[in-house]
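# An overview of the molecular structure
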Amino acid sequence: MFDAVQSLARFVPELILVGTLAIVIVADLLTQARPVGENRRLLTGLAFAGLAAALLASFTEPGGAALFASMVADDGLLAVLRPVFILTSIVVLAFTLRSKELDGVRMGEMIALLLTATAALCWMAGSVNLAMIYLSLETVSVASYLMVGYLSSDRLSNEASLKYILFGAVSTGAMLFGLSLLYGLTGTLDLYGVRAALAEEAGGPALLLVLVLVAAGIGFKIAAAPFHFWCPDVYTGAPTPVTAFLSVGPKAAGFAVLIRFFYSGMAEPSGGGAFSPVGGADWQTLLIVLSVITMTLGNVAALLQTNVKRLLAYSSIAHAGTMLMGAAALSVEGVQAITAYLVIYLFMNLGAFLVVILAHRATGNFEISGYAGFWKRSPLLTIAMAVFLFSLMGIPPFAGFLAKWYVFAAVIRAGLGWFAVVGVLNSAVAAFYYLKVLRTMVVDPETGETPALAFGRLDRGLLLLLVVPNLLGLLFWGFLDRVTEISQRLLELG
Amino acid sequence: MIPLEHYLYISAALFSIGMFGVLTRRNAVNVLMSIELLFNSANINLVAFSRFVEGALGGQVFALLVIVVAACEAAVALAIVMSLYRAVKHVDLDRAAELKG
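All of the points below concern the structure found in this document. (Residues numbered from 1 in each chain as written. Chains lettered and ligands numbered in written order. Predicted model: local features only at pLDDT ≥ 70, side-chain atom pairs only at ≥ 80, totals over all residues.)

## Points about the overall build of chain B
Test applied: Helical segments are the DSSP runs of H or I of at least four residues, strand segments are the runs of E of at least two, and each set is numbered from the N terminus. The quantity called the radius of gyration is restricted to C-alpha atoms. Its globule counterpart is 2.2 Å times the number of residues to the power 0.38. As a rule, residues whose C-beta atom has 12 or fewer other C-beta atoms within 10 Å are exposed, those with 20 or more are buried, and those in between are partly exposed; C-beta atoms are placed from the backbone. We call two residues in contact when their backbone-placed C-beta atoms lie within 7 Å.
In terms of regular secondary structure, chain B is built from three helices and zero strands. Along its sequence from the N terminus, chain B presents helices and strands in the succession α-α-α. Here the C-alpha atoms of chain B give a radius of gyration of 17 Å, more than 25% beyond the 13 Å that 2.2 N^0.38 yields for 101 residues. The buried share among the 101 residues of chain B stands at 34%. Taking the contacts inside chain B whose residues are at least 6 apart along the sequence as the reference set, 47% of them involve residues at least 24 apart.

Printed below as a string of structure tokens:
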């Protein structure tokens, strides 16, 4: 009992999110009879207030203890990722106001689902118990399935949602079977207990099966090949703000689960910041193989795309591959590189989706060819897109360069030079398709009647919010120092 | 008493049947039924291990959680299938292929 009360005190952001969720649902019921616009303004305002309060509450020092009878670890990883999730939701909520697909749609359920997913993402990033991992992962998934299919009269939205839920249920079913076997092997659901049991007695071939099955579940969440098939279809069919959310939130939480499962449950520190696998299963090779397949496939497939949402889907697959490199480095540096990458990825990827949403208002579709002549129609939007794309490419001095730099450095220091070379080659391929979009915007002549684009105050504010962090890559040094400092104390529990 | 191995054979068989169904069935509702088999095979594992491992009750609690989550997921999935059916008048996965490339 005492433990639960003490734990709740360290759980303020999540409590605020759940409280806001309850208020939003009740407020939605009370204003059902009001016009859509009024109902929407009220609910969005409430959600903004709740999210802002949660964001302020989430900037805390990690407590360094396990909460709720060792279900959730209150450590550096959670302290870094919690603000990332909440900030993502704030930006996505602002996107819903500007998305043409959601014009005139009742948003009560969407906002409630977004808040549910945000709280569940925080639980996911903290969970250090197999049951908690499964439960939080499913909460995020079910909320995401519904958000993807939110436009119930839209055929593509429905189809995307069905594909997502079928693929997701199979992946998590496989992962669940793996977790049940792991429970049988070790006799405990606690990740640190799993590590202790595996250190005593090697798992044999059964552990290998567990690793593959769990990799399927996590690979689905982070969209890593060969579990990525849902990704392009779902990203295309979902309302664009939801796509933006899926590409950042669940991916970041998936990486948190990956780090927890492999570093806290399947490895032990071997001095000097390095880790070594326990239980006799070589999961480093597994992650390296997944990473190489994921980035290569993502980048090559992206070259062929003509739809900008599909292109960004494959780009997000490729980025997941690059982040996996950090996980395969088997060192604290690798983990730090992933957390830093996730923070920077939030700004560059959400930025690209903002441009897609604003361009959609003007062109009415998501074809890259529709971006022709944007340089003349709106230099502001073109320059913003250039910043986001250069950042995604990883070109200095943009922030994306730092992200890649951290990952490659961690991999090289782990003695995997060839792996870093594969990563650099992939970045070179990626530059082609990002530049293709940019070339269409700047060089290709406009067709037909193309008036100049006008932007409201919200659009400019959002663009500014997302552009500035990408430009001031150097400012990130200070922030990254904090991330680094926090994640020094990462995974120290147990 | 039935030895542990028997439970594991049953759960492995259920898992394989479920996976086979997922990969071969083209009707969305049939796929959902196969997915239920996947979840339940894990449940059998969890409860069996919990019974045979000394002092490990966590598995039974986990199985209860899985049952609840599987019910939620089935409800959501059927709602989505209904919604798609209203739009296109079939639930055939091979024909639901507007999105590709």
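## Focus: the interface of chain A and chain B
Applied cut-off: All residues other than Ala, Val, Leu, Ile, Met, Phe, Trp, Tyr, Cys, Pro, Asp, Glu, Lys and Arg, Gly among them, are scored as polar; the first ten of these are nonpolar and the last four charged.
On the side of chain B, 35 residues touch chain A, which itself brings 34 residues to the contact. Considering every element that reaches the side of chain A that touches chain B, the biggest residue donor is helix α7 (residues 155-186) of chain A, with 19 residues. For the side of chain A that touches chain B, the class distribution of residues is 18 nonpolar, eleven polar and five charged.

## Things to note about helix α3 (residues 58-88) of chain B
Since the α-helix turns once every 3.6 residues, residues separated by three or four places project in the same direction. Our working rule: Take the residue count of a helix, subtract one, and multiply by 1.5 Å to get its expected span.
An ideal rise of 1.5 Å per residue puts 45 Å on 31 residues; α3(B) measures up with 44 Å between its terminal C-alpha atoms. Among all positions in α3(B), only B:G58, B:G59, B:F62, B:A63, B:V66, B:V69, B:A70, B:E73, B:A77, B:I80, B:V81 and B:L84 are buried. Looking at the buried residues of α3(B), the elements they touch are α6 (130-148) and α7 of chain A together with α2 (28-52) of chain B. Immediately beyond the C-terminal end of α3(B), within one or two residues, lies B:K89, with a positive phi of roughly 65 degrees.

## Remarks on the environment of A:P13
All names here are of chain A. Note that P13 resides in helix α2 (residues 12-30). Considered as a pair, P13 and T60 are 47 residues apart in the sequence and their alpha carbons are 10.0 Å apart. Apart from the residues lying within four places of it in its own chain, the contact partners of P13 are A54, A57, S58, R82, I86 and C122.

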